[in-house]
Amino acid sequence: MSSPIFLDTGLLIAHCSNNKTEANRVLEAEKIFQKNPHSSRHTVEPCLVELFYKVRKHTQISPKDVKTHLNHWAVTPFPVDASKILEKYLLISHKAQFDFADFYLCCAALHVSRSIILTIDRNDFPLALSYAQKSKLFPESNVVQLIPLM
Amino acid sequence: MSHGEIEKIKAGAPDLNQIDQKIQNEVEAEFPYLTPEARKAIVESRLQIINGPPTGKLIKGDFGDNASKKVKDDLFE
């Protein structure tokens, strides 16, 4: 059984970056891909918004170039019902120290019975995932493996 | 390369339509509980993995140091 892999914005930015530290993160992610050769790879719309904003602000990379980067890793947007996720986020965000994109990605990953999240963010994601699991939007048996990269 | 050799290679090459259908069947069997749109996203990704990365050049940019760890800084400054 293959576990779809969900990618956080940071990794997508790393893939578009010419920085050496970021290149090491890209290599780390690609090692995970090699270990899971049949796993599809995804991101979610809020992460794409963050990615395109960052690209537009800091570089001359065109949206088409960004699409080439996404194709290079075979990343496709994973469609989910945003309204349900927003409803849950509004109930918890007053006390939670994580943002909507993190929560959204965790919820998308929890749609699948077994999935993997790759992120560079070591602080917010465990909390976001914990809240997503407690949201009662998904079967309790659904499992997400969180892999924080250095 | 002779016509015969080309035909031989073509005969041995995998049929892309068959691969497409095989992956669709696998995804439907593996993820029956997902929406058709979500299953389509999985199929598209798997097909891209099988087809390999695009041949176009990857244009990279300078986002500054550790930009991948500081995604939110720009958004909330």
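Residues numbered from 1 in each chain as written. Chains lettered and ligands numbered in written order. Predicted model: local features only at pLDDT ≥ 70, side-chain atom pairs only at ≥ 80, totals over all residues. Heavy atoms only, no water.

### Comments concerning the overall build of chain A
Rule in force here: For the purposes of this entry, the term helix denotes a DSSP run of H or I that reaches at least four residues, the term strand denotes a run of E that reaches at least two, and both are numbered from the N terminus. The size measure is the radius of gyration over C-alpha atoms, and the globule rule it meets is 2.2 Å times the number of residues to the 0.38 power. Between buried and exposed lies partly exposed: a residue is buried under 20% and exposed over 50% of the maximum accessible area for its type, with that area taken using a 1.4 Å probe on protein chains only. Pairs of residues are marked as contacts when any of their non-hydrogen atoms sit within 4.5 Å.
Scanning chain A for helices and strands turns up seven helices and five strands. The linear arrangement of helices and strands in chain A, starting from the amino end, is β-α-α-β-α-α-β-α-α-β-α-β. A globule of 150 residues ought to have a C-alpha radius of gyration of about 15 Å, and chain A, at 15 Å, matches this closely. Dimensions of chain A, computed from the C-alpha atoms along their principal axes, are close to 40 × 35 × 25 Å. Residues classed as buried in chain A amount to 56% of the 150 residues present. Here the analysis covers contacts within chain A between residues at least 6 apart in sequence; of these, 77% occur between residues at least 24 apart.

### A short note on the interface of chain B and chain A
Applied cut-off: Two parts lose some accessible area (1.4 Å probe) when they are put together, and adding that loss for both gives the buried area. Pairing of N or O atoms within 3.5 Å defines a polar contact, subject to two protein rules: one partner must be a possible hydrogen donor and the other a possible acceptor, and residues neighboring in sequence count only if both atoms are side-chain atoms. In this classification, the charged set is Asp, Glu, Lys and Arg, the nonpolar set is Ala, Val, Leu, Ile, Met, Phe, Trp, Tyr, Cys and Pro, and all remaining amino acids, among them Gly, are polar.
Contacts between chain B and chain A engage 35 residues on the former and 48 residues on the latter. For the pairing of chain B and chain A, the buried interface totals around 3500 Å² over both sides, and the portion due to carbon and sulfur atoms is 59%. At the surface where chain B touches chain A, the tally comes to 16 residue pairs in polar contact (both at pLDDT 80 or more). At the level of secondary structure, the elements contributing two or more residues to the side of chain B that touches chain A comprise α3 (36-51) and α4 (71-75) of chain B. With nine residues, the single largest contributor to the side of chain B that touches chain A is α3 of chain B. Classifying every residue of the side of chain B that touches chain A by side-chain character gives 15 nonpolar, seven polar and 13 charged.

### A short note on the confidence of the model for chain B
All names here are of chain B. To keep things clear, this is the line we draw: pLDDT measures the predictor's confidence residue by residue and takes values from 0 up to 100.
With 92% of its residues at a pLDDT of at least 70, chain B reaches an overall mean of 85. When pLDDT is averaged over each helix and strand of chain B, the minimum, 71, is found for α4 and the maximum, 95, for α3. Confidence estimates for the predicted assembly give a pTM of 0.90 and an ipTM of 0.93.

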